[in-house]
Structure formats: C-alpha cells, structure tokens
Amino acid sequence: MAQDSVGLPSDFQFWMRKLSVWDQASTLETQQDTCLHLPQFQEFLRQLYEALKEMDSNAIIERFPTIGQLLAKTCWNPFILAYDESQKILIWCLCCLIKKDPQNSGESKLNSWTRVKGLLSHILSTFRSDIKEVDLFTQVLGYAPTDYYPGLLKNMVLSLVSELRENHLNGFNTQRRMAPERVRSLSRVCVPLVTLPDFEPLVEALLTYHGHEPQEVLWPEFCDAVNEAFLLKKISLPMSAILCLWLRHLPSLENTMLHLFEKLISSERNFLKRIECFMKDSLLPAAACHPAIFRVVDEMFRYALLETDGALEVLATLQVFTRCFVEALEKENKQLKFAFKTYFPYASPSLVMVLLQHPQDIPQGLWHQALKHISEMLKEVVEDQTHGSYGGPFESWFLFVHFGGWADMAAEQLLTSEAEAEAPEALLWLLAFSCGPGAGRQQRAQTMVEVKAVLSCLMKLLRSPTLSARDLQAAAGEGGEGAPRPPACQQLIRRLLLNFLLWAPGGHAIAREVITLMAQTDAIMHEIIGFLDQTLYRWDRLCVEAPRSRKLAQELLAELRGQA
C-alpha cells in the first residue's frame with residue numbers, strides 16, 4: 001500500500017472492503033483478522049486525516065465519495081475504537097468534515113450526513129474523556145458542553161441499561177451475555193455516582209440484573225452506597241429494585257432495620273401514626289411480602305425484644321410493622337403466593353389464621369368469643385404441651401405480640417362487657433400471658449389471681465355513686481403492706497386502671513389525679529403516654545365510637561406529652 005496521499009484512493013478501497021467484511025461477520029476469524037490489521041488501519045486513518053485537513057468539502061466529496069460509509073463503519077467497530085490512538089484520529093477526521101457555519105452545499109451535505117448517521121453521539125459516548133478534542137468537536141458543531149454532555153450521559157446510561165437487560169433475556173446464550181467481570185466492574189465504577197439522577201436507570205438495572213453465576217457479582221460497596229442513598233432519600237428507586245438489593249445483600253437490609261430503630265429511638269415524641277408513616281416509607285412492610293425478607297426483619301425484632309426485655313417501644317413498633325405487613329400482603333396477593341406457614345414456621349397455622357383476623361370485621365358483640373377462642377388455642381400450645389413442633393412459650397408469645405391489639409381488647413372487654421359473676425378465666429389467662437414469655441404456669445396463675453382481685457374491686461367502684469382517686473388506688477392494692485408484685489403484673493394492673501378511667505362514667509373526673517399518683521417515675525409516665533397513644537391508634541383502626549372516652553384520651557395524651 002502506498003504511504004503518501006497519491007496512493008490514498010487505492011488504500012481507501014482496500015480498507016472499505018475490509019470494513020465491510022468485519023462489519024458483516026462477527027466470527028472469531030474476523031475478529032482475529034481485525035486485530036491483525038489494527039496498526040496498519042490506524043496509519044491509514046492518520047494519512048487520511050493529513051489529506052482531509054488540506055481539502056475543502058467539495059474536494060473531499062469528489063476524491064472520497066464514499067468517505068461517509070467508511071467512517072461510519074469505523075465508528076461502529078469496537079476493536080478499532082479501543083486500539084491505541086485510532087479513536088482520537090477518527091475524531092480528527094470527523095472534525096475535518098463538519099463546519100460550524102456551512103458556507104456552501106458541500107459543507108452542508110457533510111454536516112447533514114454526519115448528524116444523520118449519528119456518528120457524533122456514538123463516537124463520543126465511547127470516547128475517553130481525557131482527550132481535549134471532545135471540546136473542539138462540540139464547539140465546531142455549535143453545541144455548548146452544557147447542552148451536549150447531558151445527552152451524551154443519557155445515551156451512555158441507556159446503552160448500558162439495554163445491555164444489562166439483554167443479558168437477562170439472553171439467559172445462557174454466552175455469546176451475547178455481558179461478562180460477570182464487566183458487571184462487577186461496572187457496579188464498582190458506579191459507587192460514587194449512585195446519587196446522580198441520571199444514573200438511576202443504571203443503578204436499577206444493576207440491582208435487578210440476574211446472571212447465572214454461583215456468587216454475587218455486584219461490588220459490595222455498590223450495594224452499601226445504594227442503600228445509604230436510599231435511606232437518606234438521595235435516590236428514588238422502585239420497590240422491585242429495593243427488593244433485589246435486600247435479597248442479594250443482607251447487610252443492606254440489616255442496616256435499614258437499624259436505621260429504623262435509631263430513627264424511632266432518637267425521638268421520644270413518636271406517635272404510632274408517625275411510626276406507621278416511617279414504617280411504610282421504609283418499604284420494609286411491602287418488601288416483607290417476600291418470606292426471606294420477612295424472616296430477617298422478624299428475627300431482628302426478636303433480638304431487639306430480647307435485648308430490651310420486651311420494651312414497650314419495640315413491642316409497639318413490631319405491632320405497627322405487622323399491621324402494615326398484613327395490609328401490604330393483602331394488597332399484593334389477592335391469592336396468596338406463599339402460605340402463612342412460610343412467614344411463621346414455628347406457629348400453629350390455625351392460630352396464625354385466627355390472629356390474622358381483623359377485629360373490625362368481627363361484630364363487636366362477638367369480640368368476647370373471638371378472644372376466648374384465641375386464649376384457648378394459645379393455652380393449648382403453651383401449657384398442654386401437645387404441640388411440641390410449634391416451639392416453646394417464647395415462640396407463642398412472640399407470635400401473639402405481633403398482634404398485640406387482641407390483649408388490649410381483652411383488657412377493655414373485662415371492664416366494658418356485661419357484668420358476669422366472675423371475670424372470664426380465658427381473658428384473664430390471655431392478659432397474664434401477654435405480660436411476657438418468662439413467666440411459667442405458676443407465675444401466670446398468681447398474676448391471674450392478682451388481676452381478678454383488682455377487677456372485682458373495680459367492678460364494685462363502677463357501681464359506686466361516688467368515686468375518688470384514693471378509692472382507685474386502694475382497689476389497685478397500691479400502698480399496701482403485702483409483697484410487691486412483679487413488674488409485669490404491675491404494668492398489667494396499670495393498664496386496667498387506665499382503661500377504667502377511660503370507660504367508667506366517674507373516671508373522667510378523677511383521671512388527672514389518678515395519673516399523677518400513678519406516674520411516680522419517668523418510665524411509668526412514658527408507659528402511660530404509650531398506652532394512651534396506642535389506644536387512640538387502635539380505636540381509629542377499629543372505628544370505635546366513644547366520643548367522651550376518645551376526647552379524654554386525646555386531652556390526657558396532649559397534657560402528658562407537654563410535661564414529659
């Protein structure tokens with residue numbers, strides 16, 4: 001081949017034929033042939049540039065009438081673009097063809113051809129950004145960098161997204177699949193870029209990428225960065241992408257739970273409605289419709305309860321999570337994809353189904369029967385020891401506190417249902433069991449005796465024409481000389497007293513005085529605040545019509561929060 005401009009036309013035709021062959025076939029042989037000729041082709045491009053820069057548009061069209069085809073084929077050949085300085089020299093050639101302000105038909109023709117062929121977008125989308133000719137090229141075209149680069153970035157991201165999705169569709173077609181090493185490298189490059197809105201489609205495509213590799217291909221730091229950005233509201237991703245993130249990277253799910261706990265603990269003024277907003281905003285209840293996610297979240301609640309000795313705040317948060325989870329499950333699954341056994345593997349399936357009932361779907365007159373049925377089923381599992389496969393007392397208690405509203409309803413039923421000769425044993429047992437899993441049968445029996453005695457006194461006061469705070473204190477057995485009650489039993493009796501104040505006609509007048517006598521410590525004060533908030537939250541969900549009781553609870557809650 002000639003090495004001067006005189007021989008360029010013959011060289012031009014030779015490389016035109018080569019490019020056509022390389023373009024039409026993608027076999028190993030053509031790739032090897034391409035690589036073999038890369039140095040020679042780069043030298044040809046350099047000579048072509050030296051000739052083009054000395055010619056006007058009419059001369060270029062006359063001497064190289066098919067130059068558009070040659071440069072177009074070159075622009076779309078990844079081997080040429082990747083080799084040495086070929087990409088930069090190709091840019092130089094394109095610069096010779098485009099004029100910022102065309103002065104004649106030849107220049108206009110070349111400008112129009114270059115834009116129509118889309119060579120500009122393509123060559124720069126694969127261009128190494130450290131080459132100064134990019135700015136020259138965009139200026140020659142009349143594009144400001146602020147106009148051009150967003151489009152370039154968008155095209156690059158869409159190209160990668162398309163490639164990742166094709167990778168998923170192609171399955172085991174290894175010739176068309178993106179190499180796992182490249183996916184991993186791409187995720188690593190994206191670590192500092194995940195908060196940029198333009199990269200969100202690529203982040204989503206990486207998270208939802210499913211290859212057939214035995215090990216995770218995404219860079220762990222990428223998953224960490226995405227999860228942190230999600231928690232800080234710096235990125236917006238669909239539920240499907242977040243679900244994939246948590247399924248493929250357990251630390252991200254664990255950090256999300258810890259972030260939720262920190263958010264709830266950092267503020268002492270969290271209403272349950274606000275906790276519900278936090279919970280839904282975290283996407284955890286919706287993601288937990290996948291059993292693997294649910295089991296991890298549930299285990300973290302289990303450990304939190306064990307570490308805090310069943311702290312009321314953790315219990316309340318667990319119950320809010322469970323309500324939101326059940327709502328999400330019903331919304332997503334008109335016909336359940338997974339059996340409830342998958343979510344609660346250590347529980348009696350029939351017990352789970354009973355606890356999952358919505359109290360608002362049960363006529364209020366039948367609440368007592370529903371509570372009695374729940375109590376009998378729990379007692380059979382816990383005390384009769386006929387269901388060893390369902391775990392010990394803790395597993396039954398842990399299941400029951402997911403649906404803690406039933407215990408609150410039991411306390412209300414003992415005070416508001418028609419007076420019976422004796423308090424129903426089933427409801428007393430349910431309340432005693434709700435105090436905690438650590439109590440054995442004997443301790444639960446003692447708690448039932450204590451509660452029954454207090455209830456008997458409260459029912460007498462309910463029929464009394466006059467009522468004082470001291471009477472109520474005496475009924476609760478406070479200030480007596482007997483042996484002190486266990487903390488869980490004391491907490492249960494306080495719950496009964498607070499229910500009495502809300503429901504008894506004479507309780508409203510003495511409520512503030514009684515609460516002042518009860519709230520001897522900050523812990524008890526916060527316990528009372530939590531009870532009032534939880535009661536109002538439950539009444540809203542059950543659509544309980546009790547205007548006077550509701551108004552009193554709202555006023556007390558506002559006053560106590562102001563004092564706390």
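Residues numbered from 1 in each chain as written. Predicted model: local features only at pLDDT ≥ 70, side-chain atom pairs only at ≥ 80, totals over all residues. Heavy atoms only, no water.

What follows concerns the overall build of the protein. Looking only at helices and strands, the protein has 31 helices and zero strands in total. Split into buried and exposed, the 564 residues of the protein put 49% on the buried side. Within the protein, contacts between residues separated by at least 24 positions form 72% of all contacts whose residues are at least 6 apart in sequence. Element-wise, carbon and sulfur atoms account for 54% of the exposed surface of the protein, whose accessible area totals about 28200 Å². (Helix = DSSP H or I, 4+ residues; strand = E, 2+ residues; numbered from the N terminus. Buried < 20%, exposed > 50% of the residue type's maximum accessible area, 1.4 Å probe, protein only. Contact = heavy atoms within 4.5 Å. Areas by Shrake-Rupley, 256 points an atom, 1.4 Å probe, with all protein chains shown as cover.)

Once that is clear, we can look at helix α4 (residues 67–75). For an α-helix, 3.6 residues make a turn, and residues three or four places apart therefore share a direction. Most of α4 is tucked away, with seven of its nine residues classed as buried. If you check which residues of α4 are buried, you get Ile67, Gly68, Leu70, Leu71, Ala72, Thr74 and Cys75.

This part covers the side chain of Glu276. Within the fold, Glu276 resides in helix α16 (residues 272–281). Discounting chain neighbours no more than four positions away, the residues touching Glu276 are Val320, Cys324, Tyr537 and Arg541.

Here helix α13 (residues 220–231) spans 17 Å end to end across 12 residues, near enough to the 16 Å set by a 1.5 Å rise per residue. Three or more residues of α13 are buried, namely Phe222, Cys223, Ala225, Val226, Asn227, Ala229, Phe230 and Leu231. The inward-facing, buried residues of α13 contact α11 (180–189), α12 (200–207), α14 (239–248), α15 (250–265) and α16. Once α13 finishes, Lys233 follows within two positions and takes phi at roughly 60°, a positive value. (Expected span 1.5 Å × (residues − 1).)

Before going further, it helps to examine the nonpolar core. Counting 146 residues, the largest nonpolar core has Leu202, Phe222 and Trp406 as its most contacted members. Broken down by element, this core gets its largest block of residues, 11 residues, from helix α19 (residues 312–332). If we skip the residues at most four places from it in the chain, Leu202 touches Val157, Leu160, Val161, Leu164, Leu186 and Cys190. Counting 29 residues, the second-largest nonpolar core is a separate cluster that includes Trp15, Phe44, Tyr49 and Leu70. (Core = buried A, V, L, I, M, F, W, Y, C linked by side-chain atoms within 4.5 Å.)

Looking now at the packing of aromatic side chains. Per the stated rule, a full pass over the model turns up 23 aromatic pairs. Seen in terms of ring centroids, Phe294 and Tyr343 are 5.4 Å apart; in terms of plane orientation they differ by 85°. Their pairing is edge-to-face. A residue pair is termed long-range when its members are at least 10 positions apart, and Phe294 in helix α18 (residues 291–307) and Tyr343 in helix α20 (residues 340–343) qualify at 49 residues. Taking relative accessible area as the criterion, Tyr343 reaches 1% and is therefore assigned buried. Ring geometry for Trp429 and Phe433: centres 5.0 Å apart, planes at 10°, overall stacked. You can see Trp429 and its partner Phe433 sitting in helix α25 (residues 425–434), four residues apart, about one turn around the helix. In this structure, Lys233 is placed above the aromatic ring of Phe230, and the distance from its NZ or CZ to the ring centre is 5.5 Å. The positively charged end of Arg561 is found above the aromatic ring belonging to Phe271, 3.8 Å away from the centroid. (Phe/Tyr/Trp six-rings, centres within 6.5 Å; stacked < 30°, edge-to-face > 60°. Lys NZ or Arg CZ within 6 Å of the ring centre and 35° of its normal.)

Here we take up the packing of helix α26 (residues 441–462) against helix α28 (residues 487–503). Close contact between α26 and α28 brings their axes to 10 Å; oriented N to C, the two are set at 20°. When the interaxial angle is binned, α26 and α28 end up roughly parallel. Handedness of the crossing formed by α26 with α28: right-handed. Contact with α26, carried on its side by Thr447, Glu450, Val451, Val454, Leu455, Leu458, Leu461 and Leu462, involves Cys489, Leu492, Ile493, Leu496, Leu497 and Phe500 of α28 and no other residues of that element. Classifying every residue of the contact of α26 with α28 by side-chain character gives 12 nonpolar, one polar and one charged. (Axes fitted to C-alpha atoms, helices over the stretch in contact; angles between N-to-C directions. Parallel < 35°, antiparallel > 145°, perpendicular 65-115°, else oblique. Left-handed = near helix turned anticlockwise from the far one by under 90°. Nonpolar A, V, L, I, M, F, W, Y, C, P; charged D, E, K, R; others polar.)

Attention now goes to unusual backbone geometry. Even without being a glycine, Lys233 presents a positive backbone phi close to 60°. Classification of Lys233 as partly exposed rests on a relative accessible area of 48%.

So, about the environment of Gln369. Within the element layout of this structure, Gln369 appears in helix α22 (residues 367–382). Taking the relative accessible area as the measure of exposure, Gln369 reaches 54% and is therefore exposed. The sequence separation of Gln369 and Leu427 amounts to 58 residues, and the corresponding C-alpha distance is 9.9 Å.

Let us look at the pattern of salt bridges. For side chains of opposite charge, pairing can occur when their charged atoms come near one another. If you walk through the whole model with that rule in mind, you get 21 salt bridges. Measuring nitrogen to oxygen at the nearest pair gives 2.8 Å for the salt bridge that ties Arg541 to Glu327. Here the residue Arg541 occupies a position in helix α30 (residues 522–542), and Glu327 occupies one in helix α19, the gap between them amounting to 214 residues. According to the relative accessible area criterion, Arg541 is partly exposed, its value standing at 25%. Residue class for Glu327 comes out partly exposed when judged on its relative accessible area of 29%. (Salt bridge = Lys/Arg side-chain N within 4 Å of Asp/Glu carboxyl O.)

Right, let's talk about the confidence of the model for the protein for a bit. Counting all residues, the mean pLDDT for the protein is 81, and 81% of those residues have values of 70 or more. Of the regions scoring below 50 in pLDDT, residues 170–175 engages in six contacts with residues more than four places distant in sequence or in other chains. (pLDDT = per-residue confidence, 0-100.)

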